[in-house]
Amino acid sequence: MPLLSVKNLTKSFGGLTAVSNANLTLNKGELVGLIGPNGAGKTTVFNLLTGVYVPSSGSIELSVGDNVRKINGLKPYNITRLGISRTFQNIRLFKDLTVLDNVRIAMHQNVKYGLISSFFRLPSYYREEQEVIKKAESLLEIFKLDTKKNELSRNLPYGEQRRLEIARALATNPSLLLLDEPAAGMNPNETAELTDLIDWIRKEFNLTILLIEHDMSLVMKICERLYVLDYGMIIAEGKPEEIKTNKRVIEAYLGEEVPHA
Amino acid sequence: MEQFVQQLINGLSLGSIYALIALGYTMVYGIVKLINFAHGDIFMVGAYVGFVSITYFNMGFFPALLIAMLFCAVLGVVIEKVAYKPLRNASRITALITAIGVSLLLEYVVMFFAKAGVRTYPENVLPNLEMTILGVRITFTQVCIFAVTIALVILLQFIVHKTRVGKAMRAVSMDKDAAQLMGINVNNTISVTFAIGSALAGAAGILVGVYYNSIDPLMGIIPGLKAFVAAVFGGIGIIPGAMIGGFSIGAVETMVSGYGSSLYKDAVAFAILILVLIVKPSGLLGKNTREKV
Amino acid sequence: MKQLFSFKNLKYSACVVALFGVIQLLISLNIFDDYYQITIATICINIILAVSLNLIAGFTGQFSLGHAGFMSIGAYACALITLNINSNYSFFLGIFVGAILSALLGFVIGIPTLRLKGDYLAIATLGMAEIIKIIAQNLEFTGGAAGLSDIPQYTNWVWLFFFTAGTVVVIKNFINSSHGRACVSIREDEIASEVMGINTTKYKVLAFVIGAFFAGIAGALYSTYFYVINPGLFGFLKSVDILVIVVIGGMGSIRGSIIASILLAIVSTYLQDFPEIRMILYSLILVVVMLAREFIKTKKINLDILNIKKYIKTNGAR
Ligand SMILES: Nc1ncnc2c1ncn2[C@@H]1O[C@H](COP(=O)(O)OP(=O)(O)OP(=O)(O)O)[C@@H](O)[C@H]1O
Ligand SMILES: [Mg+2]
């Protein structure tokens, strides 16, 4: 049973069809890349999977435990509860909050104490808050951000902001993690480090990962399978080596040199 | 039926005034995405300038109208330069709070100098004529209000569609950065927009003065809000929308006063506002848009 | 449990109790006459209003211009109950019913209007408060435009203190809980918040309801302290008054709201005989604070840009 299966997914904005009839399957534990030229519709796919946009047509099914749930049309927070989490291409941290708070907010859905406990600081408040802090700190440690937990996230250097976004996404306890250009703006050293980190968290947290990336060194190194998107359509699917030599893919990328009509 | 037509005529004159104020709201919102809360108070200042020109300088209606428009245009530009320009990249809330501040400032500065009480316009600014057609009473003042409004709107349409400044205004409201790249002077264009919008509000102020005779420093708040309702109703940022909105709100208001209770006429306007915002925030003529992620 | 009795909490509690004691003493020794006491009541009521508006506007980022509307619900409910029910408990019943009604109204209004963003929400809440005012002006049992008078004066310094301190503690606790953080994340980035699992609609409405609840309490205290109320007291200008306090104290700062409440109450007591000058001052402060805030903020962004450049210089291009 695949973790995620997407059938005939379509999204149009007025006259523009950003994603058209895309089919996509992710198996448990896979690390799959989603690549394609600028404006191909990759981020739109993420927005559809996470409920930020509502699909024009098609279906998205996620297996949750032993059940298969249709998730298109659900609100983003419901989808997150079912186990999909993501980062954003243009970092969207809670900029004026601390690093720790960024992670703690993402853990909110697992907090059980109620409003009354929070108003009057009943024992359950203290108990759970301590737990939350402990978990958040151990997560930050993995991303080497524990020493900066009290800094405002807007003051972190760029690379650390990207890492914090991944940490925040993991704090929601996902089974499927969507990473939108995690290496964008990083230098080769940082990219190499990040590549290892992604590979490591996948095993450590038992994750399935779908990853958008323009940096081919990263993609070729860790992705087991690739989907190639062009003009909203999936034009190829396969192992990295196969994709490298696929004629349509090469055309799509070369075609990018010529301005789109 | 006669009463209905009578209310409609009354609604038309009131609606003209709302339309004139709403135009300024809509133009400013279209170009800088700011709800210029002080706009209603510029209308009030226009009424006071008209009052001073007529009672202290013995001017006629039309010279006073011109002076009021001119004064308000300058006032609008000064406010924009001093208070709004530094906030052009700030959040909309920051700009709105500032606009509320400017609004209060205008109200209480006028109150400080003119005192809180009501001032009355002289009775005979416009000839006290009226005619009765099939039982429907129309005063000369009403005709004047309507005529002045139509003339100003035609002038505005001409400026917006046929002149370079108008073209620049449309370009800036579509895409400020692109307009800048195309060599349009964005700052000047915004100033012109504030000048025109404020001049229209000033005209509305003096029209209200001659129509209702009494003015006071807080007179701008409610008409300002209703004009905003009108602008939203027609689709904020859209000039013809403001006209339609203004006349609609004016008509609804006189109908509510005529057939229901005049005590609730303001409540109805706000209810319309909330309904429109919730059901179709882009207004009658607007298109819906969604944030890109 | 240990944290509850931490040094910091004990220190705060000691200060608060001392403050209460000192003022109580000054009142019972008649050193604080009626004039002072009215100022103190104004301060307390304004603190409740400002802190509760701050929860909505400053922490959750939902800009409301109708806070006085909620206040009026509490004021009228409590006044009507204390006027009509003659019992030892009518004061508490009045406060309770006022707060609950106000919260309920916040819920009913919040659900449709909180879908709106920023300035549109501000205008919609303003419209709602005006509608409440107009209704109060026209109903018979609320006394129409003249309002209600001879309301029993139950509120005294003890109750003012109790409710003010209670409001501050409860709202502060809420903000420092997971639920409160959920609210703050909406202010920071609504889309990211929703994608991180926060039911943003729920928390926006919740903040609105809690804010309305406490505004209702403030209204109830107002009516049973000043014993006359009329719809005009709860108009747009009152909402702006509260907003001025929140803005000057700092959006998202409870301490700031408290300090600003005290300062502005003192200023307006001195300027009581010159209402125009008071309002000119308020409006100037509002404009200047907003301009200064933005100025500092853009400065900071510039500094950040410098940092990024430095960062690229040292770490990039190797
Ligand atoms: N909310 C929206 N409204 C209108 N058009 C949109 C919206 N979101 C995306 N688009 C359009 O859909 C197309 C695909 O955009 P998308 O962001 O998915 O591309 P992408 O593959 O992620 O590109 P890049 O590599 O540059 O990030 C683009 O033409 C974009 O302008
Ligand atoms: Mg993208």
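None of the values given here were measured: they were computed from a predicted structure. (Residues numbered from 1 in each chain as written. Chains lettered and ligands numbered in written order. Predicted model: local features only at pLDDT ≥ 70, side-chain atom pairs only at ≥ 80, totals over all residues. Heavy atoms only, no water.)

S.K.: When you look at the overall build of chain A in this model, what are you seeing that I'm missing?
M.R.: Looking only at helices and strands, one finds ten helices and ten strands in chain A. Relative to the globule expectation of 18 Å for 261 residues, the C-alpha radius of gyration of chain A, 19 Å, shows essentially globular dimensions. Across the 261 residues in chain A, those meeting the buried criterion constitute 57%. Within chain A, residue pairs in contact and separated by at least 24 positions form 67% of the contacts whose partners lie at least 6 positions apart. For chain A, the accessible area works out to roughly 11400 Å², and carbon and sulfur atoms hold 51% of it. Counting 32 positive and 31 negative side-chain charges, chain A places the centres of these two groups 6 Å from one another. (Helix = DSSP H or I, 4+ residues; strand = E, 2+ residues; numbered from the N terminus. Rg over C-alpha atoms; globule rule 2.2 N^0.38 Å. Buried < 20%, exposed > 50% of the residue type's maximum accessible area, 1.4 Å probe, protein only. Contact = heavy atoms within 4.5 Å. Areas by Shrake-Rupley, 256 points an atom, 1.4 Å probe, with all protein chains shown as cover. Lys, Arg positive; Asp, Glu negative; His and termini not counted. Charge placed at Lys NZ, Arg CZ, Asp CG, Glu CD.)

S.K.: Before we go on, may I ask you to explain the coordination of the magnesium ion (ligand 2) in this structure?
M.R.: When a metal carries six donors in an octahedron, the ideal angles between them are 90 or 180 degrees, while four donors in a tetrahedron ideally lie at 109.5 degrees. All names here are of chain A. Only T43 (OG1) and Q89 (OE1) from the protein reach the magnesium ion (ligand 2) as donors, at distances of 1.9 to 2.1 Å. In this pair, T43 is assigned in helix α1 (residues 42-49) and Q89 in the loop between β6 (84-86) and α3 (99-106), connecting sequence segments 46 residues apart. Classification of T43 by relative accessible area gives buried; the value is 16%. Assessed through its relative accessible area of 33%, Q89 is described here as partly exposed. (Donors = N, O, S within 2.8 Å, 3.2 Å for Na, K, Ca; no water.)

S.K.: Teacher, can you tell me more about a nonpolar patch on the surface here?
M.R.: Residue and element names in this part refer to chain B. Together, M1, F4, L8 and Y259 line one region of the surface with nonpolar side chains, adding up to about 460 Å² of accessible area. Within the fold, L8 resides in helix α1 (residues 2-32). You can call L8 partly exposed: its relative accessible area is 39%. (Patch = residues over 30% accessible without salt bridge, like charges linked within 9 Å, V, L, I, M, F, W, Y side chains within 5 Å. Salt bridge = Lys/Arg side-chain N within 4 Å of Asp/Glu carboxyl O.)

S.K.: Would you mind going over the site of ligand 1 with me for this structure?
M.R.: Taken together, 15 residues are adjacent to ligand 1, and G39, K42, T43, T44 and Q89 of chain A come closest. Taken together, the residues near ligand 1 originate from chains A and B. A distance of 3.1 Å separates an oxygen atom of ligand 1 from a polar backbone atom of A40 of chain A. A distance of 2.5 Å separates an oxygen atom of ligand 1 from a polar side-chain atom of T44 of chain A. When the free accessible area of ligand 1 is taken as 630 Å², the share hidden by the protein chains comes to 76%. Among the elements of the structure, β2 (16-26) and α1 of chain A are those that each provide at least two residues to the shell around ligand 1. Of all the elements, α1 of chain A adds the most residues to the shell around ligand 1, at three residues. Its residues assigned to classes, the shell around ligand 1 comprises five nonpolar, seven polar and three charged. (Near = heavy atom within 4 Å. Polar contact = N/O pair within 3.5 Å; in protein donor to acceptor, adjacent residues only side chain to side chain. Nonpolar A, V, L, I, M, F, W, Y, C, P; charged D, E, K, R; others polar.)

S.K.: Would you mind showing me how to read the pattern of salt bridges here?
M.R.: Opposite charge on two side chains allows them to pair when their charged atoms are near. Residue and element names in this part refer to chain A. Scanning the entire structure with this criterion turns up 25 salt bridges over all chains. The salt bridge involving K148 is made with E160; its shortest N-O contact spans 2.9 Å. Taken as a pair, K148 in the loop between α5 (123-142) and α6 (158-171) and E160 in helix α6 lie far apart in primary sequence, twelve residues in all. You can call K148 partly exposed: its relative accessible area is 21%. A residue is classified by how much of its surface remains accessible, and E160, at 16% relative accessible area, is buried.

S.K.: Can you help me understand the side chain of K11 of chain A in this one?
M.R.: Looking at where K11 of chain A falls in the secondary structure, it is placed in strand β1 (residues 4-13). There is no salt bridge for the buried K11 of chain A, and the closest opposite charge comes from E194 of chain C, which lies 14 Å off by N-O distance. At 2.8 Å, the side chain of K11 of chain A forms a polar contact with the backbone oxygen of V54 of chain A. Non-local contacts of K11 of chain A, meaning those with residues more than four positions away in its chain, are made with L16, T17, A18, V19, T44, L48, Y53, V54, P55 and S56 of chain A.

S.K.: Can you help me understand the environment of R86 of chain A in this one?
M.R.: Secondary-structure assignment places R86 of chain A in strand β6. In this structure R86 of chain A comes out as buried when scored by relative accessible area, which is 1%. Distance in space between the C-alpha atoms of R86 of chain A and K70 of chain A is 19 Å, their sequence separation being 16 residues. For R86 of chain A, the contacting residues outside a window of four places in its chain are T43, F46, N47, T50, V52, A169, L177, L178 and D180 of chain A together with V195 and M196 of chain C. Within polar-contact distance, the side chain of R86 of chain A engages the side chain of N47 of chain A at 2.6 Å. A polar contact is formed between the side chain of R86 of chain A and the side chain of T50 of chain A, at a distance of 3.2 Å.

S.K.: Looking at this structure, I do not really get the interface of chain A and chain C. What am I missing?
M.R.: Buried accessible area, meaning the area lost when the parts come together, often serves as the stated size of an interface. At the junction of the two partners, chain A supplies 45 residues and chain C supplies 34 residues. Here chain A and chain C share an interface that buries about 3500 Å² over both sides, 59% of which is from carbon and sulfur atoms. When the area that chain A buries against chain C is broken down by residue, the three leading residues are H108, F119 and Y126 of chain A, summing to 19%. For the pair chain A and chain C, the number of links is two salt bridges. E129 of chain A is the partner of R181 of chain C in a salt bridge, and the nearest nitrogen-oxygen pair spans 3.1 Å. (Buried area = accessible area lost by both parts, 1.4 Å probe.)

S.K.: In this structure, what is going on with empty space enclosed by the protein? I would like to understand it.
M.R.: Any space left empty among the atoms is revealed by the rolling of a water-sized probe across them. One pass over the full model with this rule turns up two cavities of 30 Å³ or more. In this structure, the largest cavity encloses a volume near 60 Å³. Residue lining of the largest cavity: Y25, F37, G40, D41, S103, E107, G220, I221, G224 and L225 of chain B together with F236 of chain C, and that is the complete set. Put simply, the parts of the chain that give the lining of the largest cavity at least two residues each are α2 (39-55), α4 (92-114) and α9 (221-234) of chain B. Considering every element that reaches the lining of the largest cavity, the biggest residue donor is α9 of chain B, with three residues. Looking at side-chain class alone, the lining of the largest cavity contains five nonpolar, four polar and two charged residues. For the second largest cavity, the calculated volume is near 40 Å³. Every residue along the wall of the second largest cavity is listed here: L48, L49, G51, Y53, V54, P55, I60, I71, N72, G73, L74 and I79 of chain A. Tallied by class, the residues present in the lining of the second largest cavity amount to nine nonpolar, three polar and no charged. (1 Å grid on protein atoms, 1.4 Å probe; cavity = no way out; pocket = protein on both sides within 12 Å on 5 of 7 lines; lining within 4 Å. Points joined across faces, edges and corners; volume = space filled by probe spheres on them.)

S.K.: Would you take a moment to explain the sheet that holds β1 of chain A for this structure?
M.R.: Two strands in a sheet stick together by hydrogen bonds in their backbones, pointing the same way (parallel) or opposite ways (antiparallel). Residue and element names in this part refer to chain A. Spatial ordering of the open sheet is given by β2-β1-β4-β5, a layout of four strands whose pairing is antiparallel. Both edges of this open sheet fall to β2 and β5 (67-70), since each of them pairs with a single strand only. Neighbour-to-neighbour, the strand axes of the sheet open up by a mean angle of 25°, direction not taken into account. Lying on the sheet, α1 is in contact with β1, β2 and β4 (57-64); it crosses β1 at an angle near 115°. (Pairing = 2+ DSSP bridges. Axes fitted to C-alpha atoms, helices over the stretch in contact; angles between N-to-C directions.)

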